Amino acid sequence: MKFTKTNIAGVDLIELETHEDNRGFFARSFCVDELGDNGHDFAVHQANLSFNHHAGTLRGMHYQAAPVGDPKIVRCIAGRIFDVVIDLRAGSPTYCQWTGAELSAQNRKSFIIPEGCAHGFITLDDNSEVMYLMGAPFEANLAAGVRWNDPAFAIDWPITPSLINDRDANYPDYERQE
Ligand SMILES: Cc1cn([C@H]2C[C@H](O)[C@@H](COP(=O)(O)OP(=O)(O)O[C@H]3O[C@@H](C)C(=O)[C@@H](O)[C@H]3O)O2)c(=O)[nH]c1=O
């Protein structure tokens, strides 16, 4: 696994290191030891699948509030998504900054996202499917979010969403905590 740091501390883009032969390839997609060597203490608690019928579907920007943050590792296993992370850790040098990357079944990249960050994506192809590993249990009463187009973050989405649910479309403007 190849780890590339992003502008946000603790958010890395992970690429496969493939062992290829005439059958195809083999690659690790998750390894506690390699994650640890790259500064990520991650234990899988849950694995989620998110299927989306149409390109232009936006889910996010979600986080789970303290005391049970929701670290995750996100991979697109069918189609393509533009995946986005916002740093919501007050006091972080990159507080309120975002990073994004195209994750696809073809490029097999994934993001590792620490607790305290909001996460979301927009699908770029029909029938895009996302698999993500969660490092903590889901706590419905701690689920929270910020709006995809909040000027506080100014995310540069590659396309305009055509499908978003009411909850995600109506998060109020974010109030900075400093
Ligand atoms: C996240 C989650 C949801 N659910 C339920 C709650 C609800 O009835 C149904 C659908 O949930 P949502 O509408 O919140 O699903 P969705 O909008 O896809 O939420 C996800 O968005 C992406 C961007 C993330 O980063 C994830 O962590 C998660 O927040 O599934 C669980 O049972 N377990 C879970 O872990």
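Structure shown above.
Attention here is on the structure that accompanies the text. Since we're looking at a predicted model, the values are computed, not measured.

### Quick look at the site of the ligand
Taken together, Gln-46, Arg-59, His-62, Lys-72, His-119, Gly-120, Tyr-132, Phe-138 and Arg-167 form the complete shell of residues around the ligand. A distance of 2.8 Å is found between an oxygen atom of the ligand and a side-chain nitrogen or oxygen belonging to Arg-59. Within the side chain of His-119, a nitrogen or oxygen atom sits 2.6 Å from an oxygen atom of the ligand. Here the ligand has 660 Å² of accessible area as a free molecule, and 62% of this is covered by the chains.

### Describing the sheet that holds strand β13 (residues 143–145)
Taking strand neighbours across the sheet as the criterion, the 5 strands line up as β9-β8-β11-β6-β13 in an open arrangement whose pairing is antiparallel. Sheet topology places β9 (98–104) and β13 at the edges, where each strand pairs with a single neighbour. Averaged over all adjacent pairs, the angle separating strand axes in this sheet is 30°, with direction ignored. Pairing of strand β6 (residues 58–64) with strand β11 (residues 117–123), which is carried by 3 bridges, proceeds in the antiparallel orientation. Bridge pairing in β11 links Arg-59 to Phe-121.

### Notes on the pattern of salt bridges
Tallying each qualifying case throughout the model produces 9 salt bridges. With a shortest N-O distance of 2.6 Å, Arg-23 and Asp-21 are connected by a salt bridge. With relative accessibility at 36%, the residue Asp-21 sits in the partly exposed group. When the shortest N-O distance is used, the salt bridge between Asp-87 and Arg-89 registers 2.9 Å. Note on Asp-87: relative accessible area 0%, which makes it buried.

Criteria and cut-off values
- Residues numbered from 1 in each chain as written.
- Predicted model: local features only at pLDDT ≥ 70, side-chain atom pairs only at ≥ 80, totals over all residues.
- Heavy atoms only, no water.
- Near = heavy atom within 4 Å.
- Polar contact = N/O pair within 3.5 Å; in protein donor to acceptor, adjacent residues only side chain to side chain.
- Areas by Shrake-Rupley, 256 points an atom, 1.4 Å probe, with all protein chains shown as cover.
- Pairing = 2+ DSSP bridges.
- Helix = DSSP H or I, 4+ residues; strand = E, 2+ residues; numbered from the N terminus.
- Axes fitted to C-alpha atoms, helices over the stretch in contact; angles between N-to-C directions.
- Salt bridge = Lys/Arg side-chain N within 4 Å of Asp/Glu carboxyl O.
- Buried < 20%, exposed > 50% of the residue type's maximum accessible area, 1.4 Å probe, protein only.

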